[in-house]
Amino acid sequence: MPTLRSDRRRRRLIAPLMAALAAAASLTACGSGDTGVSAADAKTQAADLVKVLKLQDGAALGGDVTFKLGAALTLSGPSAGNGQSMRNAIELAAKQIKAAGGPTIDPSVKDIKGPDPVAAKQAASELASEGVPAKITSMGDGLGAMLADTDKNKILSLDGVGGAQVFTRGTQYFYGTREVAPSDAVPGALEWFKRAHPQGRTVGLAGVDLGAANAAIKADMTRKFAAAGLTFNGLWETVAPSSQDFASMIAKIKKNPPDLLWVAFSGASPGAFAAQAKAAGIKSELLGIEFTQEAVKASKGVLDSDGLKFAMDYFDPSAPSNPLAKLFADAYKKAYGQPADFYAANAYEETLMVWDLIRRVKAAGGDPGDSAQLKAALEKDPQFASVYGGDAATVGTLKIDLKTHGVASRPMGVFEYKDGNVKALATYDVDGRGFRLAG
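Residues numbered from 1 in each chain as written. Predicted model: local features only at pLDDT ≥ 70, side-chain atom pairs only at ≥ 80, totals over all residues. Heavy atoms only, no water.

## Focus on the nonpolar core
Right, on to step 1. Residues Trp-262, Phe-273, Phe-315, Phe-328, Tyr-348 and Trp-355 are the most contacted members of the largest nonpolar core, which totals 120 residues.
Right, on to step 2. For this core, the element with the most residues is helix 14 (residues 342–363), which contributes 13 residues.
Right, on to step 3. Per-domain counts for this core show at least three residues from each of domain 1 (39–179 + 321–405) and domain 2 (185–312 + 414–437).
Right, on to step 4. Apart from residues lying up to four places away in sequence, Tyr-348 is in contact with Leu-49, Ala-89, Leu-92, Ala-93, Gln-96, Leu-324, Leu-327, Phe-328 and Val-387. (Core = buried A, V, L, I, M, F, W, Y, C linked by side-chain atoms within 4.5 Å. Buried < 20%, exposed > 50% of the residue type's maximum accessible area, 1.4 Å probe, protein only. Helix = DSSP H or I, 4+ residues; strand = E, 2+ residues; numbered from the N terminus. Domains from an automatic or database assignment. Contact = heavy atoms within 4.5 Å.)

## A short note on the pairing of strand 2 (residues 104–111)
Right, on to step 1. Across eight bridges, the pairing between strand 1 (residues 66–73) and strand 2 is parallel. Note that in strand 2 the partner of Lys-68 across the bridge is Asp-106.
Right, on to step 2. Between the parallel pair strand 1 and strand 2, the chain is carried across by helix 3 (residues 80–99), and the sense of this crossover is right-handed. (Pairing = 2+ DSSP bridges. Right-handed = clockwise from strand over helix to strand, strands pointing away.)

## Some points on the packing of helix 2 (residues 39–53) against helix 13 (residues 323–336)
The description of two helices packed together rests on the angle between their axes and the distance between the axes.
Right, on to step 1. Between helix 2 and helix 13, the shortest axis-to-axis distance is 10 Å and the interhelical angle comes to 170°. Taken together, helix 2 and helix 13 sit at an angle that is classed as roughly antiparallel. For the pair formed by helix 2 and helix 13, the contact residues are Asp-41, Gln-45, Asp-48, Leu-49, Val-52 and Leu-53 on the first element and Pro-323, Leu-324, Leu-327, Ala-331 and Lys-334 on the second.
Right, on to step 2. Here the contact of helix 2 with helix 13 is composed, by residue class, of seven nonpolar, one polar and three charged. (Axes fitted to C-alpha atoms, helices over the stretch in contact; angles between N-to-C directions. Parallel < 35°, antiparallel > 145°, perpendicular 65-115°, else oblique. Nonpolar A, V, L, I, M, F, W, Y, C, P; charged D, E, K, R; others polar.)

## Regarding the packing of helix 9 (residues 247–255) against helix 10 (residues 269–280)
Right, on to step 1. Running from N to C, helix 9 and helix 10 cross one another at 50°; their axes reach a closest spacing of 10 Å. As judged from the angle between their axes, helix 9 and helix 10 are oblique. The two elements helix 9 and helix 10 cross, and the hand of that crossing is right-handed. Between helix 9, through Ala-247, Met-249, Ile-250, Ile-253 and Lys-254, and helix 10, the contact on the second element is made entirely by Phe-273, Gln-276, Ala-277 and Ala-280.
Right, on to step 2. Tallied by class, the residues present in the contact of helix 9 with helix 10 amount to seven nonpolar, one polar and one charged. (Left-handed = near helix turned anticlockwise from the far one by under 90°.)

## A look at the side chain of Thr-171
Right, on to step 1. Position of Thr-171 among the secondary structure elements: in the loop between strand 4 (156–159) and strand 5 (174–176).
Right, on to step 2. Within the local environment of Thr-171, its side chain forms a polar contact with the backbone oxygen of Thr-168, the two atoms lying 3.0 Å apart.
Right, on to step 3. If we skip the residues at most four places from it in the chain, Thr-171 touches Leu-147, Thr-150, Asp-151 and His-405. (Polar contact = N/O pair within 3.5 Å; in protein donor to acceptor, adjacent residues only side chain to side chain.)

## Description of the domain arrangement of the chain
Right, on to step 1. Parsing the chain into structural domains produces domain 1 (39–179 + 321–405) and domain 2 (185–312 + 414–437).
Right, on to step 2. The interface is formed by 16 residues belonging to domain 1 together with 19 residues belonging to domain 2.
Right, on to step 3. Together domain 1 and domain 2 conceal approximately 1,200 Å² of surface at their shared face, both sides included; 67% is due to carbon and sulfur atoms.
Right, on to step 4. Of all residues in domain 1, Pro-78, Val-166 and Glu-179 bury the most surface against domain 2, accounting for 37% of the area lost on that side.
Right, on to step 5. Inspection of the region where domain 1 meets domain 2 yields zero salt bridges.
Right, on to step 6. Our enumeration of links across domain 1 and domain 2 arrives at one residue pair in polar contact (both at pLDDT 80 or more).
Right, on to step 7. Elements that contribute at least two residues to the side of domain 1 that touches domain 2 include exactly helix 3, helix 5 (139–143) and helix 14. (Buried area = accessible area lost by both parts, 1.4 Å probe. Salt bridge = Lys/Arg side-chain N within 4 Å of Asp/Glu carboxyl O.)

## Topic: the sheet that holds strand 1
Right, on to step 1. In spatial order, the strands read 2-1-3-4-5; together these five strands make up an open sheet with parallel pairing. The open sheet is flanked by strand 2 and strand 5, the only strands paired with a single partner. In this sheet, adjacent strand axes meet at a mean angle of 25° when their direction is disregarded.
Right, on to step 2. Pairing of strand 4 with strand 5 involves three bridges; the strand directions are parallel. The residue bridging Asp-159 from the neighbouring strand is Gly-176, located in strand 5.
Right, on to step 3. Against the sheet, helix 14 contacts strand 1, strand 2, strand 3 (134–137) and strand 4, and its axis sits at roughly 150° relative to strand 4.

## Structural notes on the sheet that holds strand 7 (residues 231–239)
Right, on to step 1. The strand order across the open sheet formed by eight strands is 7-6-8-9-10-14-15-16, and the pairing between neighbours is mixed. Every other strand in the sheet has two partners, leaving strand 7 and strand 16 (436–437) as the edge strands with one partner each.
Right, on to step 2. Across two bridges, strand 9 (residues 285–288) lies against strand 10 (residues 308–312) in parallel orientation. Directly across from Gly-288, in strand 10, lies its bridge partner Phe-310.
Right, on to step 3. Contacting strand 6 (202–208), strand 7 and strand 8 (260–264), helix 9 crosses the sheet at an angle of about 165° to strand 7.

Structure follows, in structure tokens:
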């Protein structure tokens, strides 16, 4: 018969085990590797994916291939939610691809933090040591910190967060798969501003400090301000990418307020900035370069009450523009219980790009594990299926510009979030092509 002492001993031994199990369960619930996609859902979605992409069944899908796919994501810091949504989307795509008869895609995910240059360099080193032939990357390859290693180790890199920024140009294995944020969106956004605010004359910027890259970005942006007939008022204030304290920056804005203030932050930061700017009495028209629910949370109600305008290639999960976009939006919501943001949409799109390249290399009798062959396949035909553009019956198209290594075109616009809803104010393509006011 157990004694009181043995009972206490048993409880002491069991307690740490139960705590460990609880912690593991908590991590799983947060999406630390479990996509939440059931085998049955993956099978159904895979059948739809093959149909939407108009693929033929059989060995051509790459079912005999095991592919190590790197991922360099912001999994901690103010952009942690965005990195996690990308991880979710990569794992969702990998499960669908496998269920479709495609390759076993094994993601190796690294945290580049804010991004932090030290963490980004460490991620680059680890992925190189693992011999990954390709990676889904972000933030202009860690705001430039990974670029040298990307080429040195010949890792085909697809960046759907920062795009092909001016400081990424010349990196042979790097490709931006979305608009250059915010450069590509600037001409169309300025056209919208002139029509919405005919008395507006001056433009300034509040954003992140990119070190040596700041000069090239500033020159590009201010040149576009001048081309639009607007005046750069000299305000170009930056903080560290991980900062959420904008007090010093806002004090300088109050001394020199522009009519239009670019809010060039990502993740939660636009919301935190908007809240602090409102409290300080900033009256400039704020125009963000992206929008996520993380920003809404960080604004503590300000974005819901006051709204936030932003210019970008926005993915609207409530109104997907084509069959692939709908398949993805529905599958993501079912798997994770929340709408997909553009970070997730772009990571999903890029994982499908990698699958496409694997199929092309296999069809040519090559080795899909050879990054040079993947790159050659991309350059031979730089066109891929996209969750952007298209129509109710036609999948969108992503086309890479082989000169800039960015996108040749991308549907984008000026949008406004307010009180839980997003609406388009204007739509256009890269450099403002095809501009039109919405509604």
